[in-house]
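Spelled out from the first residue to the last, the chains are:
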Amino acid sequence: MGYLAKLRVWRGDAGSGSLQDYKVEVNEGEVVLDVLHRLQATQASDLAIRWNCKAGKCGSCSMEINGMPRLGCMTRMSTFTEVETLTITPMRTFPVIRDLVTDVSFNYAKAREIPSFTPDPSVKPGEFRMRQEDVNRSQEFRKCIECYLCQNTCHVIRDHEENKESFAGPRFLMRIAELEMHPADEADRRDIAQEDFGLGYCNITKCCTEVCPEHIKITDNALIPMKERIAGRKYDPLVWLGSKISMRPKSKGTPAVPGKR
Amino acid sequence: MTQVSDPPARTRAQIKERTLRTDPWWNRGRVVATLLTIWVAYATVRVFTGHWYFAPGYNYLTPFYSPCVSGECVPGASTLGHWIPAIPPIIPYAFISLPFVLGFRLTCYYYRGAYYRAFWRSPAACAVREPHATYSGETKLPLIAFNLHRFFFYMAVIISVLNTWDLVNAFWPTTAVTPDGTHLTHGFGFGIGSLIILANVVLLWAYTLSCHSCRHITGGRLKHFSKHPVRYWIWNQISKLNKHHMALAWTTLTSLMVTDLYIMLVAANAFPDLRIFN
Ligand code: SF4
Ligand code: SF4
Ligand code: FES
Ligand code: FES
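Given the structure is predicted, the values throughout are model-derived calculations rather than measurements.

### Remarks on the overall build of chain B
Then, number 1: What chain B contains, in helices and strands, is eight helices and six strands.
Then, number 2: Sequence-ordered secondary structure for chain B, helices as α and strands as β, is α-β-β-α-α-α-β-β-β-α-α-α-α-β.
Then, number 3: Rg of the C-alpha trace for chain B: 25 Å, well past the compact-globule value of 19 Å for 278 residues, more than 25% over.
Then, number 4: Viewed in the frame of its principal axes, chain B has a C-alpha envelope of about 115 × 50 × 35 Å.
Then, number 5: Once local pairs closer than 6 in sequence are excluded, the contacts in chain B between residues at least 24 apart make up 66%.

Below is the structure:
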């Protein structure tokens, strides 16, 4: 049943390292993470891998397998042929701690900058009522397991380290969209989504959607609707005309949380 | 005392390969680039041809010449009248609608993603390094102007109404001519050409209504769906269509080309329209 798979695994730390060749036994029904664990148990006891649930729910085992960002625990060995060499590397967008383990703190820093849920203070806890249709959209985004595969794949920061400052990445633009679609939220994050979190950098090429293991339609359901909300504020000719006629003063958006970086 | 050294500076894994993908990731981009180029070449040639755009008798007007408002337009084709004097097709006869049709497609979220990938290669495929040293996306001119998609959507709705008007005419052909040829009678009738035009117009409406801007305007902009049941229902319907926006983007390119080709061949007398009724 079993066979020996050819693996090329990136080993190293502080950025310098190389691909090393191994041959590891594979049994029926196994996933890439199982095989990496066998490699660790039998040949490379110092191989660093991050993992936790082995069930695609904790988002720890993000890596790149044959160049595609994936979860190690959800990638079946049966999707590859027995003769091909599997190349396994850490996520490219984040700094390496060691071997396949990367430092993803960029993501936590971005998360802290987003103004959190802001309900109307006069509504007492337990008073607000929502129906299922009010939360359907947010619930799709809430499936996120924070694996950061989308962040890793997005070319805006993957290929341009310098954009990390001004771009929060699909995961956190989706967080903004979730709050903006929340029926009880009163803040207005449209200006900061564009100016501080860099939604304009996204060119809707949908790679975040392509790699999301939870199959969240990040681009269609979060990023484009967010672009549209901003267009409604800044670029809609009818809205512009209406604001000229009614002379309503333009409201200021909620600012980003300062000093979190 | 033991000397504690600083932890090593953390940098990304240094991997020089542009990508380690082993699948044919370049395929999709090549197919998209080829098909879009063919379509644009065909449409450009047709728009500047200046003939075979109207099949009199059957009342078929190709969408590339609608509305036909140049003084050059043959009688029968310009149902909305002549807006400018006769000029050769250096200016397309449908100059009034073509910029908006082009703008609508150019700023469409689907096409944007498609040509950024296929032509600009940023990125050519996911997890494949793009060939540019810097990247600012849609944050600056000219690309920031793509936020005007909303405006082109409003115009596209008007143009869809014009297309529907052409459809009505395609079902209202000339049924009789007086012997001296001066007086034409019109009545209900249709042929294969009318059905092709019908399919094209239905698809164009579907493409237009499945637009992300439409999805936003009709309901997506709301926070509290349960307070707006009607708009929530509309949003749900548009969302269903929106899932097929990419498919509609490609089918409408095909249907536009087929419709134009058919009308061109009938107008050039390559073959007569196959009539089903009248
Ligand atoms: S759709 Fe936007 S956010 Fe998602 S990967 Fe592409 S550029 Fe990045
Ligand atoms: S959105 Fe998807 S890809 Fe991104 S972090 Fe969440 S689960 Fe992972
Ligand atoms: S180990 Fe938890 S997602 Fe893979
Ligand atoms: S037409 Fe494609 S998104 Fe509007």
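Alright, that's what it looks like, and here's the rest.
### Thoughts on the pairing of strand β2 (residues 16-26) of chain A
Then, number 1: Strand direction decides the pairing type here: strand β1 (residues 3-13) of chain A and β2 of chain A, joined by eleven bridges, are antiparallel. Bridge pairing in β2 of chain A links V9 of chain A to Q20 of chain A.

### What about the confidence of the model for chain B?
Residues and elements named next belong to chain B.
Then, number 1: Of the residues in chain B, 96% have a pLDDT of 70 or more, and the chain-wide mean is 91.
Then, number 2: Ranking the elements of chain B by mean pLDDT puts strand β3 (residues 174-177) last with 81 and helix α7 (residues 229-242) first with 98.
Then, number 3: As scored by the predictor, the complex reaches a pTM of 0.93 and an ipTM of 0.91.

### Re helix α1 (residues 27-49) of chain B
Then, number 1: With 23 residues, α1 of chain B should cover 33 Å at 1.5 Å per step; its first-to-last C-alpha distance of 33 Å lies within 8% of that length.
Then, number 2: Count one or two residues on from α1 of chain B and you reach G50 of chain B, which has phi positive near 85°.

### Some details on the site of ligand 1
Residues and elements named next belong to chain A.
Then, number 1: Among the 13 residues in the neighbourhood of ligand 1, the closest are listed as C154, P170, C202, C207 and C208.
Then, number 2: Counting only elements with at least two residues in the shell around ligand 1, the list comes to α8 (207-211) and α9 (218-234).
Then, number 3: Looking at side-chain class alone, the shell around ligand 1 contains eight nonpolar, four polar and one charged residues.

### A few points about the interface of chain A and chain B
Then, number 1: Contact with chain A, which involves 53 residues of that partner, is made by 44 residues of chain B.
Then, number 2: Top contributing element to the side of chain A that touches chain B by residue count: α9 of chain A, with seven residues.
Then, number 3: Taken together, the residues of the side of chain A that touches chain B sort by class into 22 nonpolar, 17 polar and 14 charged.

How each quantity is defined
Residue positions within a chain follow its written sequence, with the count starting from 1. Each chain takes a letter, starting from A, and each ligand takes a number, starting from 1, following the order in which they are written. Per-residue local features of the predicted model are confined to residues with pLDDT of at least 70, and side-chain atom pairs are confined, for both listing and counting, to 80 or more; whole-chain, interface and lining totals are unaffected and use all residues. Runs of E in the DSSP output that reach at least two residues are strands. Runs of H or I that reach at least four are helices, and both are numbered from the N terminus. Radius of gyration means the value over C-alpha atoms here, while the globule rule gives 2.2 Å times the residue count to the 0.38 power. Two residues qualify as being in contact provided that their C-beta atoms, derived from the backbone, are within 7 Å of each other. Strands are labelled as partners when DSSP assigns at least two bridges between them. One number per residue, pLDDT, summarises how confident the predictor is, and it ranges from 0 to 100. Helix span, expected: 1.5 Å multiplied by one less than the number of residues in the helix. Using a C-beta atom placed from the backbone, a residue is described as near a molecule or strand when that atom lies within 6 Å of it. Each residue gets one of three labels, nonpolar for Ala, Val, Leu, Ile, Met, Phe, Trp, Tyr, Cys and Pro, charged for Asp, Glu, Lys and Arg, and polar for the others, Gly among them.

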